[in-house]
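So the chains spell out like this:
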Amino acid sequence: MIINGKEIALKIKDQLKNDVETIRENYSRMPKLVVILIGDNPASLTYVRNKERGCDYIGIESEIIKHDSSFSERQLLEEIEILNNDETVDGILVQLPLPKHISEEKVLNAIAFDKDVDGFHPHNVANLFLGQNSLVPCTPKGMLVLLEKINYDLDGKEVVVVGRSNIVGKPVALLCLQKNATVTIAHSKTKDLKKICSRADVLITAIGKPKFFNHEYIKDDAIVLDVGINRDENNKLCGDVDFEDVKDKVKAITPVPGGIGPMTITMLMQNTIEAFYKRNGG
Ligand SMILES: Nc1nc2c(c(=O)[nH]1)N[C@@H](CN(C=O)c1ccc(C(=O)N[C@@H](CCC(=O)O)C(=O)O)cc1)CN2
Ligand SMILES: [Mg+2]
């Protein structure tokens, strides 16, 4: 089975549209997301545009703030402070990656945790770690929702996550653990990766290497969630998994494009609505 993330994301967006309609009827203002983009990374520009489109579709107010790459760290921190104090703003997102002269850590720590719709602030990270209610990073959250939509129960399953980033690998591992999976986090220093991956009921790949994982890494009837977004030898988008080589072997797999990616944007919309309700006592 190919997991159609685009279609599932669209269905969820339609539900969120209804939620926003209810907000319109009951509140004096609408949820609002502010996205800050520094520099002109073409991929980031696309993602930010898609976030704006997602907001328009659902009925969330959005503001995209663009600065050229000379914008300083201090200016950015001041801008975030203003947005933190702006009562009409529910979600603040700084698009990553940032230019080298700006500290990602300082910037993410500066965002008010209750407006941190990316779930990257230490307060939200700690809550996720402790299994307490928090704003959860969008890509990991999207993966868990996809598993739910295909009625896959993680209880007692063996999950292998390849990649240990703060925005994907670590949080998705914690979410799977919360669902009673047995979780392994593998990474670039892991020995015998093939052997470890081959025992996974659910393999999550987030290493950014085009078509790295072929059938030798994958158990029959595994579920494969491919987070990689790469270009292949023909400059075509592809994941970390060699899709053609494994698709007949697996129980289910997310394609690239059209798998995890569209869920990331939809979960951002969901987090913005969640932040709105939390901030308005809903
Ligand atoms: N502040 C953040 N920065 C970044 C995040 C994030 O969650 N928060 N994640 C990524 C980029 N990202 C969203 O920001 C993102 C990446 C990819 C997709 C997506 O829909 N991809 C498509 C294919 C890509 C394409 O067409 O070019 C797909 O998989 O179908 C959405 C969002 C890093 N930065
Ligand atoms: Mg993400």
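Residues numbered from 1 in each chain as written. Chains lettered and ligands numbered in written order. Predicted model: local features only at pLDDT ≥ 70, side-chain atom pairs only at ≥ 80, totals over all residues.

Chemist: Teacher, can you tell me more about the sheet that holds strand 2 (residues 61-67) here?
Modeler: Sheets are built from strands paired through backbone hydrogen bonds, the pairs being either parallel or antiparallel. Strands sit in the order 2-1-3 across an open sheet of three strands; the sheet is parallel. Looking along the sheet, the strands with just one partner apiece sit at the ends: strand 2 and strand 3 (91-94). Averaged over all neighbouring strand pairs, the angle between strand axes comes to 15 degrees, with direction disregarded. Here four bridges tie strand 1 (residues 32-38) to strand 3, and the two strands are oriented parallel to one another. What sits directly across from I36, in strand 3, is V94. (Pairing = 2+ DSSP bridges. Helix = DSSP H or I, 4+ residues; strand = E, 2+ residues; numbered from the N terminus. Axes fitted to C-alpha atoms, helices over the stretch in contact; angles between N-to-C directions.)

Chemist: Help me understand the nonpolar core, please; the structure alone is not making it clear to me.
Modeler: Generally speaking, soluble globular proteins have nonpolar side chains that are buried together. Membership of the largest hydrophobic core comes to 83 residues, with the highest contact counts inside it found for V159, V161, L203, I204, I218 and V224. Per-element accounting of this core gives the leading share, eight residues, to helix 10 (residues 260-279). Not counting the four nearest positions on each side in its chain, I218 is found in contact with C197, S198, L203, F213, V224, V246, K249 and V250. (Core = buried A, V, L, I, M, F, W, Y, C linked by C-beta atoms within 7 Å. Buried ≥ 20, exposed ≤ 12 C-beta atoms within 10 Å, placed from the backbone. Contact = placed C-beta atoms within 7 Å.)

Chemist: Please clarify how the site of ligand 1 should be interpreted in this entry.
Modeler: Neighbouring ligand 1 are 20 residues; Y47, L96, P257, G261 and T264 lie closest to it. Among the secondary structure elements, those contributing two or more residues to the shell around ligand 1 are helix 2 (42-58), strand 3, helix 6 (138-149) and helix 10. For the shell around ligand 1, the element with the highest residue contribution is helix 10, accounting for four residues. Residue composition of the shell around ligand 1, by class: twelve nonpolar, seven polar and one charged. (Near = placed C-beta within 6 Å. Nonpolar A, V, L, I, M, F, W, Y, C, P; charged D, E, K, R; others polar.)

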